[in-house]
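Residues per chain, in single letters:
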Amino acid sequence: MSRPTLTAVFVAFLLTSSVAKPNAKDKKPKQVVPAIECDMRAGKINLPEFIVKCPAKCRETKEKVYGTGVFASISSICNAAIHNGVITNSGGKVIVMKMGGQVTYKGSFANGVRSLSLPNWRDSFSVSVGKPKKGVIYPSTLIFVPSRPTAENTVSPATEPSSTAAPPTTTHVTTPIATAPPITTSATPRVTVHEVRKAVLDPRPDNTEYEQYGQYPPEPEDHKPLSETGHTKDCKVDIAFLMDGSWSIGKRRFKIQKDFLVDVSQVISVGVAGPMMGIIQYGDDPVTEFSLKQFSSSKDLKPAISKIVQKGGLSNVGKALSYINKNFFSDANGNRGGAPNVAVVLVDGWPTDKVEEASRLARESGINIFFVTIEGPDENEKQNVVETNFVEKAVCRTNGFFSLPITSWFALRKEVQSLVKRVCDTDHLVCSKTCLNANDIAFVIDGSSSVGTGNFRTVLQFVANVTQEFEISDTDTRVGIIQYTYEQRLEFAFGQHNNKADLLNAIKRINYWSGGTSTGAAITYAADQLFSKSKPNKRKIMIVITDGRSYDDVRAPALAVHRKGVIAYSIGIAWAAQDELEYIATDPDREHSFFVDEFDNLYKYVPKIIHNICNEFNSQPRN
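About the cut-offs
- Numbering of residues begins from 1 in every chain and follows the order in which that chain's sequence is written.
- At least 70 in pLDDT is required for a residue's local features to be given in this predicted model, at least 80 for side-chain atom pairs to be given and counted, and no such filter applies to totals for whole chains, interfaces and linings, which use all residues.
- Side-chain descriptors were evaluated using all non-hydrogen atoms of the structure, hydrogens and water having been removed beforehand.
- UniProt positions are given in the numbering used here, feature names are shortened, and annotations may be inferred rather than shown by experiment.
- Each nonpolar core is a collection of buried residues, namely Ala, Val, Leu, Ile, Met, Phe, Trp, Tyr and Cys, held together in the definition by side-chain atoms within 4.5 Å.
- Buried, partly exposed and exposed residues are distinguished by accessible area as a fraction of the type maximum, computed with a 1.4 Å probe on protein chains only: under 20%, between the cut-offs, and over 50%, respectively.
- Comment: elements are numbered from the N terminus, with helices defined as DSSP H or I runs of at least four residues and strands as E runs of at least two.
- Note: pLDDT gives the predictor's confidence per residue, expressed from 0 to 100.
- Should any heavy atoms of two residues lie within 4.5 Å, those residues are counted as being in contact.
- A pair of strands is labelled paired if DSSP reports no fewer than 2 bridges between them.
- Axis definition: a line fitted to C-alpha atoms, limited for helices to the stretch in contact. Angles are taken between N-to-C directions and run from 0 to 180 degrees.
- Here, a disulfide means two cysteine sulfur atoms that sit within 2.5 Å of each other.
- Angles are sorted into four bins: roughly parallel if under 35 degrees, roughly antiparallel if over 145, roughly perpendicular if 65 to 115, and oblique for all others.
- Crossings are sorted by hand: turned counterclockwise from the far helix by less than a right angle, the near helix makes the crossing left-handed, and turned clockwise it makes it right-handed.

The chain appears in an unreviewed UniProt entry as Cochlin from Cyprinus carpio. Its UniProt record gives the chain the following Subcellular location (unreviewed entry) comment, quoted word for word: "Secreted". Looking at the chain in UniProt, the text filed under Function (unreviewed entry) is "Plays a role in the control of cell shape and motility in the trabecular meshwork."

Colleague: Sorry if this is basic, but what is going on with the nonpolar core here?
Modeller: Nonpolar side chains tend toward joint burial in soluble globular proteins. Counting 71 residues, the largest nonpolar core has L242, L321 and F371 as the members making the most contacts within it. Counting residues per element, this core draws most heavily on helix α4 (residues 250-267), at seven residues.

Colleague: Got a minute to help me understand unusual backbone geometry in this structure?
Modeller: A negative phi angle characterises most non-glycine residues, just as the trans form characterises most peptide bonds. Put simply, D587 and P588 share a cis peptide bond, and its omega is -5 degrees. Take P588: it is sitting in the loop between α14 (578-584) and α15 (589-592). One non-glycine residue, N389, lies in the positive phi region at around 50 degrees. Along the chain, N389 turns up in the loop between β12 (367-374) and α8 (390-394). A relative accessible area of 48% places N389 in the partly exposed class. The backbone phi angle of S514 is positive, close to 80 degrees, even though this residue is not glycine. Assignment of secondary structure puts S514 in the loop between α11 (500-508) and α12 (519-529).

Colleague: Looking at this structure, how should I read the confidence of the model for the chain?
Modeller: Reading predicted coordinates in detail is not appropriate for stretches of low pLDDT. Per-chain confidence: the chain averages 81 in pLDDT, with 79% of residues scoring 70 or above. A low-confidence stretch, residues 17-25 stays under pLDDT 50, and its non-local contacts, those more than four residues away or across chains, total zero contacts.

Colleague: I keep staring at the sheet that holds strand β13 (residues 403-406) and nothing clicks. Help me out?
Modeller: Think of a sheet as strands paired side by side through backbone hydrogen bonds, with each pair either parallel or antiparallel. Spatially, six strands are ordered β10-β9-β8-β11-β12-β13 in an open sheet, and the strand pairing comes out mixed. This sheet does not close on itself; its edge strands, each paired only once, are β10 (287-290) and β13. Looking at each pair of strands side by side, their axes are set apart by 20 degrees on average, direction ignored. Where strand β8 (residues 238-244) lies against strand β11 (residues 341-348), five bridges are found, and the strand directions are parallel. Bridged to I239 within β11 is V342. Packing of α4 onto the sheet brings it into contact with β8, β9 (276-282) and β11, and relative to β8 it is tilted by some 170 degrees.

Colleague: Where do I start with the environment of P275 in this structure?
Modeller: For P275, the location among the structural elements is in the loop between α4 and β9. Residues P275 and C235 lie 40 residues apart in sequence; the distance between their C-alpha atoms is 5.9 Å. When near neighbours in sequence (up to four residues on either side) are disregarded, P275 contacts C235, K236, V237, I239, I268, S269, V270 and R336.

Colleague: Teacher, can you tell me more about the sheet that holds strand β19 (residues 593-596) here?
Modeller: Reading across the sheet, the six strands line up as β16-β15-β14-β17-β18-β19 and stay open at both edges, with mixed pairing between neighbours. Across the chains shown, the open sheet's two edge strands, defined by having one partner strand only, are β16 (488-492) and β19. If you compare each strand with its neighbour and ignore which way they point, the axes differ by 20 degrees on average. Pairing of strand β17 (residues 539-546) with strand β18 (residues 567-573), which is carried by six bridges, proceeds in the parallel orientation. Among the inter-strand pairings, T546 is bridged to a residue of β18, identified as G572.

Colleague: What is the right way to read the state of the cysteines from this model?
Modeller: The bond known as a disulfide is covalent and runs between the sulfur atoms of two cysteines. Summed over all chains, the structure comprises four disulfides. The disulfide that involves C435 links it to C614, with 2.0 Å between the sulfurs. Every disulfide takes its handedness from the sign of the S-S torsion; for C435 and C614 that torsion is 75 degrees, giving right-handed. You can see C435 sitting in the loop between α9 (416-423) and β14 (439-446) and its partner C614 sitting in helix α16 (residues 606-619), a full 179 residues away along the chain. Among the residues examined, C614 registers a relative accessible area of 13% and is labelled buried.

Colleague: What is the right way to read the packing of helix α10 (residues 453-468) against α11 from this model?
Modeller: The description of two packed helices rests on the angle between their axes and on the distance between the axes. Between α10 and α11, whose axes approach to 9 Å, the crossing angle comes to 165 degrees. Judged by the inter-axis angle, α10 sits roughly antiparallel to α11. At the point where α10 passes α11, the crossing takes the right-handed sense. Between α10, through R457, L460, V463, A464, T467 and Q468, and α11, the contact on the second element is made entirely by K500, L503, L504, I507 and K508.

Written as structure tokens, this is what we have:
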């Protein structure tokens, strides 16, 4: 082939290659997606349409979402996207499009996120999968609403990527619009006993978005039932709410108080198998609005609470506590005995009478007292308080578990679930614990051959007589019994019989075993089979009944249970060894060790044992 021909072929090849490869300048620009946090609300970003990347595990943050499909601008972008199924809890890219406000936003539960209802918010947004349409490039930098709005608010446009890409196809522009004036918070002046106090707006973090438009985010209108999170499972308590009806509270705050009680009644799922709820309104004098047995469902409670009319008067909380102690928690009013008694006192500011003595008497009667104080006295107002530190004097001193201070009436409804979680936590309701309902009692009974069938029945009658004095239920005193010879037999465990009638019948049905006497091994067996399963808030009491000397050592097993906090009583009959009884018993021996010469004299020691158990209980600090 000649040189001219080769040159022509090479030129043709170059031309073909240049046509096949596009110019590098025509390469599609890459979309940069800015990352946000779980708490970022759409209203904080001053762009009509944008793309963002959400992190993982936003659902656990429980950042609020308002609406379904179309969301209010105060909603969390990421949780709205999870609720709408746009992303999972693992995070991902989301396209956000702003739109006008809605008259109503409907709450719902989807994909593990509870959205709340909301009336009439100014701006909205929708979310979609973070895959931009062909040719659409979103801003790579987000523009935020200024933290301190001024009279004239100018927002710079977003910095676009250095490309020729078109802006987003949707071009809705969100501009501030006129809205309702700010929420007014003028409160009815408190009577002269309290002096005049000003209501304070609920201090909310990061309110700049709302301040710009003279609004504050509204309280949610619906609540996720606590049963979904397990807080009200097995919540069997009898609750009396003492609501403040004094003139100092004013009509508006009285309405907030009723709304709070409605919310509580719906969350706890009132019913005969669970919590029961009654309400007392106090002012100059307390009045029962309805008793524990009057309503057996949350549905019936709601309209009843809404119809309560303010009584007026002073804030005589001490008088109200005396009233519930004497009159409210009675069988006639629906008190169920096995359920802990709880009194929740709502106080606007501070009481106008003293509460310490009335509270002490109520607690000693087994009533758990909670104080919810709203807008309590500040430093300048404390000089007007009738009884200083009244909350500390009224409730159990357990690291604030029984007291719930609220800074503003407008924050009260946010504390519904916190309060319900506490009143349903029966393991921590220590104020209701008395010497008769706070124990796990193990009877360790000698069933050896020397006892005999007739005497064994006498021992069982003694056990039944002691048991009869206690309040029996799974949340009160529980009883377990072990019979021993050379071996050991668990007759029944703690909590196996949770009412007194069943327990007494179970004691009668125990059969006599017969054999040798290994008391030390029986004590170890009681520690392993009963006290290892004792509840942490129960006093552990062991009552050993024997008629002879043990074939094994009792000192080491007894010392081991003493070290584990077990209070041990020993009762010897006839041929029992005095030294062993003293080894078994908790110090001092004279209070925990007893001896009778005959089985028929056992009954004489029932009052003594009950007295010692209660005396020891009452001598320990409980508050």
